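Notes for the structure review
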Amino acid sequence: MTMRLGNANLDRLPAGIRRPVYDRSRVTSGIVHLGLGAFHRAHQAVVIDDCLGAGSSSWGIIGASLRSPETRNALAPQDHLYTVAVRAAEGTAHRIIGALLDSVVARENPAALIERMADPAIRIVSLTVTEKGYCHTPQTGDLDERHPDVVHDLNNIDAPRSAPGFIVAALARRRTLGIPPFTVLCCDNLAANGHTVQRIVTQFAALRSKDLGKWIADTVAFPCTMVDRIVPETTQADREALAAALGLRDAWPVMTEPFTQWVVEDRFCAGRPDLAAAGIELVTDVKPFELMKLRLLNASHSALAYLGYLAGYETIADTMQDPHFARLAARVMEEAAVTLTMPAGTDLAAYRASLLKRFSNPALHHRTWQIAMDGSQKLPQRLLGAIQDRLARNLPIATHALAVAGWMRYVSAIDEQGRAIDVRDPLAAELASLAHEAGPVAERLAPALLGVAKVFGPLGAEPRLREAVTAALGQLYKDGARRAVERLVSV
Ligand code: CS2
């Protein structure tokens, strides 16, 4: 049986494989990361690995999974080392990351996580808990005070479940002990992510005590960030291919693309690693980067995911092989582009072209189903903001409307062949029941779903949106996604 990756056998790796260039035993922890998924491990942890290599040795990462023990169970027996496989058409490059020093599972021992977060050595708490992990209303960006995890956490302040619950518990502990606060660094695709998380956390804290809410608002930094790297879920086949390449077994490697970008607002309250040394863009205003990414990359990604799934495509790369769908992605970007002010130094045409190329990467097996997940949390910042801005200028919204209609058809949970769709979304049950009541009739289903205020807010009542989405959904029911996309891009 192949030996397991670990500190003791790094020197057995084939010569071409990058590995930590620093002495891991001398690295101390400075960051607690909540949400130890593949994205964090392929993105921020790689940057921190570079920082450690460049001498910032007090910024190692303690990773926390909020619920599942799977990642910890996979990584602990291999000294928290893991492989990042960077895949391109030309081949795969492997790199072993050493930045993750330890991991905890919050569900098993919430007190242990709070204690780690309250440790004065920890100066940053970063997060990738996905959009739904913030217990907020995506439409407004406010804490959802009736969210079951929020209710739970307010009743169990020392044994929370949610990310905001842990942050508030740890900050409260630090305040009591006279330890200065850490920076909260959100790395999820939320609109104005730092500001949004600041609002959520201070609202949560104020429900515990006004003073605590004020102390957090006054002393904690919540920088905004734009994060970008495509990281599909790791499969069993990926693990096997990797073992063959490494000669060692890695229970949970992560698969990604060559491109990576992290733009960070340079506002930290307790120091930070030398991110510039790792090539990270530190800026005073992340907004133009964030809007560019959400409205160009994520919007077209979601459009490809819903409509591609309905058309029977398994992955984004498969979907992009269909020239009509490749044009659909370009069209979404064209519609969104006029709503953007591009960041200084970024060329719109080159950015768009690079997205189309990244989506077409044949070496990435990025499932349309994976991206289709949690649409109720993603639509506002990806599609609805651009729709709102275009309507304000009286511009047509046909492509965005087709994407929204694709989401509607998808969350109705029955595909074009009459088979069930495994819809994963916090609102899945509510959406499916609305769809069931309305039946497969665009004139009924579109207004019913546009009425879901948590997703659409007042925009849902806008007649031009209703009309465009109803027409697009009608097309999807009549002709199917493939024909509807073809027709849209042919005019
Ligand atoms: C994707 C993103 O799953 C999704 O919704 O659109 O995870 C996307 O791959 C990343 O944001 C790319 O940076």
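Please read all numbers here as calculations on a predicted model, not as lab measurements.

Quick word on the pattern of salt bridges
Tallied over the entire structure, the rule returns 25 salt bridges. Note that D266 is salt-bridged to R272, the shortest N-O span being 2.8 Å. R272 sits in the partly exposed class, given a relative accessible area of 27%. Between E314 and R367 there is a salt bridge, and its shortest N-O distance comes to 3.5 Å.

A word on the site of the ligand
All residues in the neighbourhood of the ligand are listed as N189, D228, R229, I230, K293, N298, H301, H366, I371, K378 and R382. Side-chain polar atom of N189 to an oxygen atom of the ligand: 3.0 Å apart, as the coordinates give it. In the environment of the ligand, an oxygen atom lies 2.9 Å from a nitrogen or oxygen atom belonging to the side chain of R382. Of all the secondary-structure elements, those providing two or more residues to the shell around the ligand are helix 10 (287–310) and helix 15 (375–392). Broken down by element, the residue count for the shell around the ligand peaks at 3 residues, all from helix 10. Each residue belonging to the shell around the ligand can be placed in one class, and the counts come to 2 nonpolar, 4 polar and 5 charged.

With respect to the domain arrangement of the protein
Taken as a whole, the protein is organised into domain 1 (7–283) and domain 2 (287–489). Relative to domain 2, the C-alpha centre of domain 1 lies at a distance of 29 Å. The interface is formed by 30 residues belonging to domain 1 together with 32 residues belonging to domain 2. Contact between domain 1 and domain 2 buries roughly 2,500 Å² in total, counting both sides, with carbon and sulfur atoms accounting for 58%. Three residues stand out in domain 1 for area buried against domain 2, namely P138, Q139 and I230, and they jointly supply 23% of the buried area on that side. At the junction of domain 1 and domain 2, the tally comes to 4 salt bridges. Run the count over domain 1 and domain 2 and you get 11 residue pairs in polar contact (both at pLDDT 80 or more). Mapped by element, the contributors of at least two residues to the side of domain 1 that touches domain 2 are strand 3 (82–88), strand 10 (225–228), strand 12 (261–265) and strand 13 (281–283). Broken down by element, the side of domain 1 that touches domain 2 gets its largest block of residues, 3 residues, from strand 10. Across the side of domain 1 that touches domain 2, the residue classes break down as 15 nonpolar, 7 polar and 8 charged.

Observations concerning the pairing of strand 12
Burial of strand 12 is extensive: 5 of the 5 residues sit out of reach of the surface. Side-chain alternation along strand 12 places Q261, V263 and E265 on one buried face and W262 and V264 on a second face that is also buried. Taken together, the 4 bridges between strand 10 and strand 12 define a ladder with antiparallel strand orientation. Note that in strand 12 the partner of D228 across the bridge is Q261. In this structure, strand 12 lies alongside strand 13, joined through 3 bridges in parallel fashion. By the bridge assignment for strand 13, V263 is matched with E281.

Conventions used here
Residues numbered from 1 in each chain as written. Predicted model: local features only at pLDDT ≥ 70, side-chain atom pairs only at ≥ 80, totals over all residues. Heavy atoms only, no water. Salt bridge = Lys/Arg side-chain N within 4 Å of Asp/Glu carboxyl O. Buried < 20%, exposed > 50% of the residue type's maximum accessible area, 1.4 Å probe, protein only. Near = heavy atom within 4 Å. Polar contact = N/O pair within 3.5 Å; in protein donor to acceptor, adjacent residues only side chain to side chain. Helix = DSSP H or I, 4+ residues; strand = E, 2+ residues; numbered from the N terminus. Nonpolar A, V, L, I, M, F, W, Y, C, P; charged D, E, K, R; others polar. Domains from an automatic or database assignment. Contact = heavy atoms within 4.5 Å. Buried area = accessible area lost by both parts, 1.4 Å probe. Pairing = 2+ DSSP bridges.

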